[in-house]
Amino acid sequence: MQALSPSNPFSHLRPSLPRRPAIATRVVRCIYRSDLVNFPNGIGTNRADWQSSCAILKASSKVISHEDKPTEGGGTDHVAAVNGHNSATDLNLVPIDSSKSSTPAAPQPPKPLTITDLSPAPMHGSQLRVAYQGVPGAYSEAAAGKAYPNCEAIPCDQFEVAFQAVEIWIADRAVLPVENSLGGSIHRNYDLLLRHRLHIVGEVQLPVHHCLLALPGARKELLSRVISHPQALAQCEHTLMKLCPQAAREAVDDTAGAAEYIAANDLRDTAAIASSRAADLYGLQVLAEGIQDDSSNVTRFVMLAREPIIPRTDRPFKTSIVFAHDKGTSVLFKVLSAFAFRNISLTKIESRPHRSSPIRLVDDANVGTAKHFEYLFYIDFEASLAEVRAQNALAEVQEFTSFLRVLGSYPMDMTPWSPSSSKVDH
């Protein structure tokens with residue numbers, strides 16, 4: 001491409017004066033725009049076309065020399081075309097006034113990082129995609145909404161799929177229930193935490209309010225079965241004996257899925273235990289509310305991400321670890337003492353079989369060969385990994401363990417909650 005100097009058609013009318021040497025006072029700058037509305041004669045719809053044109057422009061027209069100021073309308077109208085396109089229009093050449101930029105500005109030093117730069121993503125989660133197990137109306141969906149309001153909730157048919165959705169970038173977070181105040185730990189999900197390499201980045205505690213749902217017009221005394229998740233059935237066992245003792249219990253994958261199944265198959269003699277939101281979504285009638293046996297029914301969920309968050313000390317944090325103890329006596333006691341001596345409170349301890357080596361053989365001359373079961377231990381403690389006492393505790397724990405992994409250090413859920421009031425119609 002050849003750069004042309006702006007010409008003046010009235011130059012022959014001027015007095016003949018000595019000409020000054022041409023001075024480089026005009027450069028062009030290429031601006032990339034992807035919107036073709038403001039870019040009617042665009043050089044292409046991709047960035048490669050733009051880069052190619054800029055390279056040609058830079059090589060052949062870095063400087064445009066002229067004798068006087070260009071005519072009104074800008075000298076860029078006379079710049080030659082690039083790849084068959086009008087460069088002035090297509091590349092949006094912007095003149096730079098050399099009088100204002102004769103002295104280059106001093107380079108600015110990089111801005112130092114602040115605590116905001118190291119903070120986790122905003123809690124509002126407006127741009128997050130959160131995977132959960134179940135269908136719309138599940139309690140896991142409600143937990144995702146509590147943790148990240150306005151997020152895009154992605155239903156998954158299994159917990160394993162929710163993990164994989166985050167690992168392959170379909171989702172940004174996964175919400176996983178790990179324990180319930182009445183039903184205890186959800187062992188399957190503890191095993192998944194170890195099998196996958198996701199990190200715990202938060203927790204949320206969700207009060208659970210179970211409802212008995214059926215098709216409109218159904219009556220409790222005419223029900224032949226009640227279907228729901230096994231945990232929900234166990235949490236409502238005593239109440240169900242009072243409401244519909246004749247109905248059989250049948251376990252399904254999730255609570256909202258049970259409500260969806262009844263609506264889809266028009267089952268008049270079947271009821272589901274699910275949330276009131278599930279009733280609204282699937283057009284069911286609420287036969288009874290608050291049917292859980294204990295009003296203090298809370299499920300704890302953890303949020304998982306591909307990368308851990310930076311631990312902090314400006315708010316209460318919780319840390320989750322998993323370890324396998326080494327051979328020796330009183331190893332578990334020594335591990336727990338590492339936290340007790342530093343006044344670190346434990347909120348959870350759970351043991352699961354060590355699948356890679358579930359049995360350890362011990363030779364003893366007096367009793368023969370003994371078989372000891374090997375376990376992995378999951379521990380939650382109230383401290384941030386940014387605290388020196390937590391770092392020292394884990395350094396001591398590592399001395400007595402053959403395997404140690406930090407699952408995450410994350411903010412504790414400090415939101416207050418009140419027990420649900422039972423609304424069962426006996």
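The notes below deal with the structure included here. Source: prediction; values computed, not measured.

Conventions used here
- Residues numbered from 1 in each chain as written.
- Predicted model: local features only at pLDDT ≥ 70, side-chain atom pairs only at ≥ 80, totals over all residues.
- Heavy atoms only, no water.
- 1 Å grid on protein atoms, 1.4 Å probe; cavity = no way out; pocket = protein on both sides within 12 Å on 5 of 7 lines; lining within 4 Å.
- Points joined across faces, edges and corners; volume = space filled by probe spheres on them.
- Helix = DSSP H or I, 4+ residues; strand = E, 2+ residues; numbered from the N terminus.
- Nonpolar A, V, L, I, M, F, W, Y, C, P; charged D, E, K, R; others polar.
- Pairing = 2+ DSSP bridges.
- Axes fitted to C-alpha atoms, helices over the stretch in contact; angles between N-to-C directions.
- Core = buried A, V, L, I, M, F, W, Y, C linked by side-chain atoms within 4.5 Å.
- Buried < 20%, exposed > 50% of the residue type's maximum accessible area, 1.4 Å probe, protein only.
- Contact = heavy atoms within 4.5 Å.

Points about empty space enclosed by the protein
- Summed over all chains, the structure comprises two cavities of 30 Å³ or more.
- By volume, the largest cavity amounts to about 60 Å³.
- Breaking the lining of the largest cavity down by element, the ones donating at least two residues are helix H5 (187–195), strand E14 (298–305), strand E19 (375–381) and strand E20 (401–411).
- Grouping the constituent residues of the lining of the largest cavity by class yields eight nonpolar, one polar and two charged.

Details of the layout of surface pockets
- When its volume is computed, the second largest pocket comes out at roughly 500 Å³.
- Where the lining of the second largest pocket is concerned, the elements lending two or more residues are helix H3 (139–147), helix H4 (159–167), strand E6 (173–180), H5, helix H6 (230–235) and E14.
- Across the lining of the second largest pocket, the residue classes tally to nine nonpolar, 12 polar and five charged.

With respect to the sheet that holds E20
- Taken together, the four strands give an open sheet; going across it, the order is E16-E19-E15-E20, and neighbouring strands pair in antiparallel fashion. Each end of this open sheet is capped by a strand with a single partner; those strands are strand E16 (346–353) and E20. The average angle at which neighbouring strand axes cross in this sheet is 15 degrees, direction not considered.
- As paired elements, strand E15 (residues 317–325) and E20 share nine bridges and run antiparallel to each other.

Notes on the nonpolar core
- Within the largest apolar cluster, 43 residues are counted, with the highest numbers of intra-cluster contacts made by Tyr148, Leu176, Leu193 and Leu304.
- Every residue in contact with Leu193, bar those within four places of it in the chain, is listed here: Phe163, Leu176, Val178, Leu304, Arg405 and Leu407.
- Membership of the second largest hydrophobic core comes to 18 residues, among which are Ala138, Leu215, Ala258 and Tyr282.

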